[in-house]
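Chain by chain, the residues run as shown.
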Amino acid sequence: MKARWDIFCSVVDNYGDIGVTWRLARQLVVEHACDVRLWVDDLRAFERMCPDIDVHLAQQWQEGVDVRHWPSEWVAAPAADVVIAAFACQLPPDYMEAMAERQRTPLWMNLDYLSAEEWVVGCHRLPSVKFKGVQKYFFFPGFRPGTGGLLREAGLLEQRHAFQQDVAAQQHFLQGLGVFPLAGARLISLFAYENAGLARWLDVLSTDGRATHLLVPEGRILGDVARWLGVEGLAAGAVHQRQALTVQVLPFVRQEQYDRLLWCCDFNAVRGEDSFVRAQWAGRPLLWHIYRQDEDIHLDKLDAFLELYTAALSPAARAALVSLWQAWNTEGDMAQPWKMLMEHWPEVLAHAERWCLEQGLQADLATALVQFYESWI
Ligand code: TRH
């Protein structure tokens, strides 16, 4: 009998919650032959990355996943064998009752936020609360051995590698988005929250000896881009040139297309959680805009990742990368760190690929979840 999985996704803000659960749901179906229901409370956020979603339907099939609208008024549904509450979302009370009433208790897990901090290893797979005999477990994704790993579909790195070797395929893909960079231009993607530090970075790029083509998917950073350009507003399709810098606004594309965009670029500015991981799988240098948390606790998470990520770099390259990431996340001056990073480019580039391959040696998150379930039953 195929195991039945229920994944609950409450879209708090932005796209990371749905981005992660949608990838996970598909992978469980395709690679592990699971029956997966994905409960999502905001189908409009889902539709942005998967335009096939019909936002009016209570139930629909998408790529083998049984997608359910998670209504505010819960309608009774039988509990599954494995229940995942993504990012600590609260399950409907009636559904929890249904879990407790099952003859065979389900495995109930909280899929946690991604962090490189050391304590994650100790908390991964620990029991959490209990509801009427049903035990909940913490399940932590992570970069360190002993965590749940990262979402990575089978063959992803091979596909990425083949695409990066195929200049014509990249050109074809970019042209499909209306992107025609100048020969030799550096290609950068920019997906970030609002950031006052952007202006200084764009100043440096525009006065650089090498041309840059900056691709900005529609989103929260556009206000800062528009301010720097001195234009009223920006929408998908807009292209503006300032000296060596061409800025082009892209539509928000399907998730698979976004991955390809990252694969095409020399450098990716990403944010949150899912795009951050995908930029690492692109094997190219990256810049992370971490999701801001109260009392600046996100800065500890940033430092923890930097410590791991830069451990094998030379001191000078490490200093350049760390100062760039810290400037970006504190809205500091990006100009000097960017110049420093460029001085260490070959090393930073080789490192990005090496880091990707190293991380690729760990079991992926979907496999780790399935293995946990198998060991649990
Ligand atoms: O949207 P985010 O800022 O999400 C964040 C984080 O997950 C954060 O940890 C969480 O606490 C907060 O939401 C509530 O960034 P993230 O995680 O990169 O998610 C973006 C998703 O959007 C990702 O799956 C990639 C996808 N995407 C597309 O599908 N097409 C696009 O054009 C772009 C730019 C992104």
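Residues numbered from 1 in each chain as written. Predicted model: local features only at pLDDT ≥ 70, side-chain atom pairs only at ≥ 80, totals over all residues. Heavy atoms only, no water.

Caption draft 1: Representation of the layout of surface pockets in the model. There is about 800 Å³ of room inside the largest pocket. Lining the largest pocket we find 42 residues, and of these Gly16, Tyr193, Gly272, Glu273 and Asp274 sit closest to its centre. Here the residues of the lining of the largest pocket sort into 22 nonpolar, nine polar and 11 charged. Both domains that meet at the lining of the largest pocket, namely domain 1 (4–151 + 362–376) and domain 2 (156–359), each give it at least three residues. In this model, the second largest pocket occupies a volume close to 350 Å³. What lines the second largest pocket is a set of 17 residues, among which Gln170, Gln171, Leu174, Pro181 and Leu187 lie closest to the centre. Sorting elements by how many residues they give to the lining of the second largest pocket places helix α6 (residues 167–176) first, with five residues. (1 Å grid on protein atoms, 1.4 Å probe; cavity = no way out; pocket = protein on both sides within 12 Å on 5 of 7 lines; lining within 4 Å. Points joined across faces, edges and corners; volume = space filled by probe spheres on them. Nonpolar A, V, L, I, M, F, W, Y, C, P; charged D, E, K, R; others polar. Domains from an automatic or database assignment. Helix = DSSP H or I, 4+ residues; strand = E, 2+ residues; numbered from the N terminus.)

Caption draft 2: Broad picture of empty space enclosed by the protein. In total, this model carries two cavities of 30 Å³ or more according to the counting rule given. If you go around the largest cavity, you meet 13 residues; those closest to its centre are Val20, Leu151, Glu273, Val277 and Leu365. Each of domain 1 (4–151 + 362–376) and domain 2 (156–359) accounts for three or more of the residues forming the lining of the largest cavity. What the second largest cavity holds in volume is close to 40 Å³. Domain assignment of the residues forming the lining of the second largest cavity places at least three in each of domain 1 (4–151 + 362–376) and domain 2 (156–359).

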